[in-house]
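Architecture and fold: a report
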Amino acid sequence: MTSLDLLRTFLAVHRAGSVTAAAQLLELSQPAVTAQLKALEKNVAKPLFHRHARGVTTTAAGEDLARRLAGPLDELTAAMGDFVGGKVSLHVGGPAEFMTMKVLPALVDLPDTALRITFGMPDDLFDQLAKGGLDLAVAGVRPRVRGVESVPLYEEELTLVAAPRWGYPDSSGALGEAPWVAYAEDLPLIRRYWRSRYQSLPPGRAVVVVPDLRAVLAATVAGAGATVLPRYLCENELATGLLNELIITGPGRLPTNTIYLAVRAGAFAEPHIARARDLLTSCAERW
């Protein structure tokens, strides 16, 4: 009779796309996972994986077994967690600003869940996700990493803002004396806004560069200059008059940016990850 441990290991490897990533998830050694896979394949008398230099892919027989196992094993895991009263850990990574203002306040409503939050850039987050260090990653770019899939979560609107001391730009689009406050030297959000509206590079250089959009917001409110921010980040300052939205006429549209929710392939079948996905998707409709 095949043990549940072998089946659990098989499903982890199927979802992770590699023995190494599954071993990290299961907190087992790589040789132990390999041995369990060989034992299972011997029991079922069928090859379940194709081995490659950069991971594994599931055979047709393996895909069939995974479909049969996913629901029952996930339900069993959830039932045992409820029975012993334990908390399941959810590891989520994303940009500090969006995680702080949107994602974390939503996730605290998850029952019986211990949250572990990581801030980082998309490439690092996707790498951690693929290797099993994260359960979910939130990013402003679509992942293009083997074994990682994503769904759109939120569409953020970018807006040009400055403190009232700088007044309003004229209809030609000139910002007058206002310098830029930016996230990085190459003015990433400002450049994207300008290219979308005017199909050109933004004029001028930054007087303040700080790698945190919350700090960019604070410097802009303090009167350092103009900047481009996601509207969700500065909507209170716009509503209270601490910032003015600079509406400049131009041929293009106001730019938006899609925020993606990324997971390892198949991971939405895991109950605690699916619950987090459903909660974030529901909350995003009101953001």
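This text follows the structure it describes.
About the cut-offs
- Residues numbered from 1 in each chain as written.
- Predicted model: local features only at pLDDT ≥ 70, side-chain atom pairs only at ≥ 80, totals over all residues.
- Heavy atoms only, no water.
- Helix = DSSP H or I, 4+ residues; strand = E, 2+ residues; numbered from the N terminus.
- Buried < 20%, exposed > 50% of the residue type's maximum accessible area, 1.4 Å probe, protein only.
- Contact = heavy atoms within 4.5 Å.
- Areas by Shrake-Rupley, 256 points an atom, 1.4 Å probe, with all protein chains shown as cover.
- Core = buried A, V, L, I, M, F, W, Y, C linked by side-chain atoms within 4.5 Å.
- Salt bridge = Lys/Arg side-chain N within 4 Å of Asp/Glu carboxyl O.
- Phe/Tyr/Trp six-rings, centres within 6.5 Å; stacked < 30°, edge-to-face > 60°.
- Lys NZ or Arg CZ within 6 Å of the ring centre and 35° of its normal.

1. Looking at the overall build of the protein
- Secondary structure summary: the protein contains 10 helices and 11 strands in total.
- A burial count over the protein gives 45% of its 287 residues as buried.
- Looking at the protein alone, contacts between residues at least 24 apart form 71% of all its contacts between residues at least 6 apart.
- Total accessible area on the protein stands at roughly 14600 Å², and carbon and sulfur atoms take up 54% of it.

2. Description of the nonpolar core
- Counting residues in hydrophobic clusters, the biggest one holds 35 residues, and the most contacted among them are Leu 90, Phe 98, Leu 107, Leu 136 and Leu 229.
- Not counting the four nearest positions on each side in its chain, Leu 136 is found in contact with Leu 90, His 91, Val 92, Gly 93, Leu 129, Leu 261, Ala 262, Val 263, Phe 268, Ile 273 and Ala 276.
- Within the second largest apolar cluster, 22 residues are counted, among which are Leu 11, Ala 22, Leu 48 and Leu 65.

3. As for the pattern of salt bridges
- Evaluation of the coordinates by the stated rule reveals 9 salt bridges.
- Here Asp 135 makes a salt bridge to Arg 264, at a shortest N to O gap of 3.7 Å. A residue pair is termed long-range when its members are at least 10 positions apart, and Asp 135 in the loop between helix H6 (122–131) and strand E5 (136–139) and Arg 264 in strand E11 (residues 256–264) qualify at 129 residues.
- Overall, Asp 135 belongs to the buried group, its relative accessible area being 8%.
- Close ionic contact of Asp 278 with Arg 277 constitutes a salt bridge, the shortest N to O distance being 2.6 Å.
- Judged by relative accessible area, Asp 278 falls into the partly exposed class, the value being 43%.
- Through salt bridges with shared partners, a single network forms among Asp 64, Arg 67 and Arg 68.

4. Here we look at the packing of aromatic side chains
- This structure, assessed with the given rule, holds 9 aromatic pairs.
- Note on Tyr 154 and Tyr 232: the rings are 6.4 Å apart at their centroids and 75 degrees apart in plane angle, and the pair reads as edge-to-face. Of this pair, Tyr 154 sits in strand E6 (residues 148–162) while Tyr 232 is found in helix H9 (residues 231–240), placing the two residues 78 residues apart along the sequence. Across the pair, exposure class does not vary: Tyr 154 and Tyr 232 are buried alike.
- Here the aromatic residues Phe 98, Tyr 154, Tyr 232 and Trp 287 are joined through ring pairs into a cluster of three or more.
- For Arg 165, the ring lying beneath its charged end belongs to Trp 166, and the centroid distance is 4.6 Å.

Interpretation note: all reported values are geometric properties and have no functional meaning in isolation.
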